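What follows is each chain in one-letter form.
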Amino acid sequence: TPDVPFLTPPTAGAHIPPVPLDQPERVKGVFVVLVRNKELHELRWSLRQLEDRFNHKYNYPYVFLNDRPFTDEFKNTISWITKANVSFGLIPQEHWSLPEWIDRYKMLEGMNDLVKKQIIYGANLSYRHMCRFNSGYFFHHPLLDGYDYYWRVEPDVQFTCDIDYDPFRYMQERDLKYGFTISLHEIPETVPTLWETTRKFMKKHPEYVEQHNTLDWVSADEGRSYNMCHFWSNFEIGKLDFFRSERYQKYFDYLDQEGGFFYERWGDAPVHSLAVAMFLRKEEVHWFQDIGYVHTVAHNCPSDKEMQKKCHCNPETSIDRSEYSCTRRWVNLPASP
Ligand code: GDP
Ligand code: MN
């Protein structure tokens, strides 16, 4: 087994009991699910596990979002899965369309280039809208008004361990802003100018950059280049305030004006991650090592033997132990003074 500097498992959270729905001290947490009607059964697969492993005890509400209206079949089927509150929202057209400053021809050239290089979603326009929406707009949806924390969930993922405490309260009690399970290296061809653009932004707005930032996680050469490290955003537990902040909004607007969501294929994962790196201290970010989680080719599985008893996952293949992951690099970052 490789020598991985594992954290002590955060069983610290284990004492946090559910708070009844009618209690004011309940954390204002919500699951956010962007999904298409055709992914209904893949979503059931995710939510059944999430409910059985966690939410049947905690009853956090769900907000489902879609660029098209949800069908009655979709809504009815979701109601089988949870007794928690659910709401279904439509994404406003202006958050899911080509901005007028985008040069259509240049975009098609960029798509062609990615197709030639056989990059996944190379010519997919809806994928680009999705990444832009998750980068700049989901936290503005009116159905999320009044919530403090969100937990992003996707179709076709797995939750492989019992979660016997409340991650939302864990975040709130420690004043955490961002939580992840998996980190990886981005496909460089999807973000050729993202770093350069981010550097220009920091030059223009040095006042937004946190003094004890975590930029060393995303650059190994003092900022000259991006090492492609990013948190995988298909799982996120985050503070909505962080994304609603002036500094984040200004960053998103700057990126959006540059057009890389369309000319290249900037993902919301590197965008969120670079924002975390610029704006947050290490102590404001948490690796949920104890949350067993699977998305496509990568999974997170706790290494601790005690925790294994409540999991169906193989710790030996957990992505944090591989060279593809950036989690070891994250753990090894020095704490801020
Ligand atoms: P990947 O994880 O990067 O391979 O991308 P996914 O296909 O899983 O998409 C990420 C998330 O966005 C998932 O929750 C999808 O259900 C959702 N999504 C992707 N494209 C669309 C779309 O065109 N419309 C809607 N409503 N959701 C989408
Ligand atoms: Mn996915």
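Predicted model, so just to flag it, every value in this text is computed and none were measured.

Criteria and cut-off values
- Residues numbered from 1 in each chain as written.
- Chains lettered and ligands numbered in written order.
- Predicted model: local features only at pLDDT ≥ 70, side-chain atom pairs only at ≥ 80, totals over all residues.
- Near = placed C-beta within 6 Å.
- Helix = DSSP H or I, 4+ residues; strand = E, 2+ residues; numbered from the N terminus.
- Nonpolar A, V, L, I, M, F, W, Y, C, P; charged D, E, K, R; others polar.
- Pairing = 2+ DSSP bridges.
- Axes fitted to C-alpha atoms, helices over the stretch in contact; angles between N-to-C directions.
- Core = buried A, V, L, I, M, F, W, Y, C linked by C-beta atoms within 7 Å.
- Buried ≥ 20, exposed ≤ 12 C-beta atoms within 10 Å, placed from the backbone.
- Contact = placed C-beta atoms within 7 Å.
- Parallel < 35°, antiparallel > 145°, perpendicular 65-115°, else oblique.
- Left-handed = near helix turned anticlockwise from the far one by under 90°.
- pLDDT = per-residue confidence, 0-100.

A. Just the site of ligand 1, in detail. Leu34, Val35, Arg36, Glu39, Asn66, Asp67, Ser126, Tyr127, Met130, Glu154, Pro155 and Asn234 make up every residue found near ligand 1. Broken down by element, the residue count for the shell around ligand 1 peaks at three residues, all from helix α4 (residues 125–136). In terms of residue class, the shell around ligand 1 is made up of five nonpolar, three polar and four charged.

B. Here's a closer look at the sheet that holds strand β12 (residues 298–300). Sheet architecture is open: three strands sit in the order β5-β11-β12, paired in antiparallel fashion. In this open sheet, the two strands that pair with only one neighbour each are β5 (157–159) and β12. Neighbour-to-neighbour, the strand axes of this sheet turn through a mean angle of 10 degrees, independent of strand direction.

C. Up close: the nonpolar core. Grouped together as the largest cluster of nonpolar side chains are 77 residues, with contacts concentrated most on Phe31, Val32, Val33 and Ala275. Top contributing element to this core by residue count: helix α10 (residues 268–279), with eight residues. If we skip the residues at most four places from it in the chain, Phe31 touches Tyr60, Tyr62, Trp151 and Val153.

D. Spatial organisation of the environment of Phe138. Within the secondary structure, Phe138 is located in the loop between α4 and β4 (149–152). A count of 20 C-beta atoms within 10 Å places Phe138 in the buried class. The sequence separation of Phe138 and Ile91 amounts to 47 residues, and the corresponding C-alpha distance is 8.5 Å.

E. Structural context of unusual backbone geometry. Even without a glycine there, the phi angle at Gln118 is positive, about 60 degrees. With 8 C-beta atoms counted inside 10 Å, the residue Gln118 sits in the exposed group. The backbone of Asp175 shows a phi angle near 55 degrees, a positive value even though the residue is not glycine. On the secondary structure map, Asp175 appears in the loop between α5 (167–173) and β6 (178–180). Since 9 C-beta atoms lie within 10 Å of it, Asp175 is described here as exposed.

F. Up close: the pairing of β4. The pairing of strand β1 (residues 29–34) with β4 spans four bridges and is parallel. Note that in β4 the partner of Val30 across the bridge is Tyr150.

G. Region of interest: the sheet that holds strand β9 (residues 236–239). Spatially, β3-β2-β1-β4-β9-β6-β10 is the arrangement adopted by the seven strands of the open sheet, whose pairing is mixed. The sheet is open, and its two borders are formed by β3 (86–90) and β10 (285–287), each paired with just one other strand. Between one strand and the next, the sheet's axes are offset by a mean angle of 20 degrees, whatever the strand orientation. Bridge count for β1 against strand β2 (residues 62–66) is four bridges, and the pairing is parallel. Bridging across to β2, Val33 finds its partner in Phe64.

H. Main features of the packing of helix α8 (residues 246–258) against α10. Between α8 and α10, the shortest axis-to-axis distance is 11 Å and the interhelical angle comes to 135 degrees. For the element pair α8 / α10, the angle class is oblique. In the crossing of α8 with α10, the sense of the turn from one axis to the other is right-handed. Together, Arg247, Tyr248, Tyr251 and Leu255 of α8 and Val271, Ala275 and Phe279 of α10 make up the contact between the two elements. The residue makeup of the contact of α8 with α10, split by class, is six nonpolar, no polar and one charged.

I. Expanded view of the packing of helix α1 (residues 40–58) against helix α2 (residues 72–81). In contact at an axis separation of 10 Å, α1 and α2 are set at 20 degrees when each is read in the N-to-C sense. In terms of axis orientation, α1 runs roughly parallel to α2. Along this stretch, α1 crosses α2, giving a crossing that reads as right-handed. Listed contacts from α2 to Leu40, Arg44, Leu47, Arg48 and Glu51 of α1 are Phe74, Thr77 and Ile81. Residues of the contact of α1 with α2, tallied by class, amount to four nonpolar, one polar and three charged.

J. Focus on the confidence of the model for the protein chain. Mean pLDDT over the protein chain: 94, with 95% of residues reaching 70 or higher. Two numbers describe this predicted complex: its pTM, 0.96, and its ipTM, 0.99.

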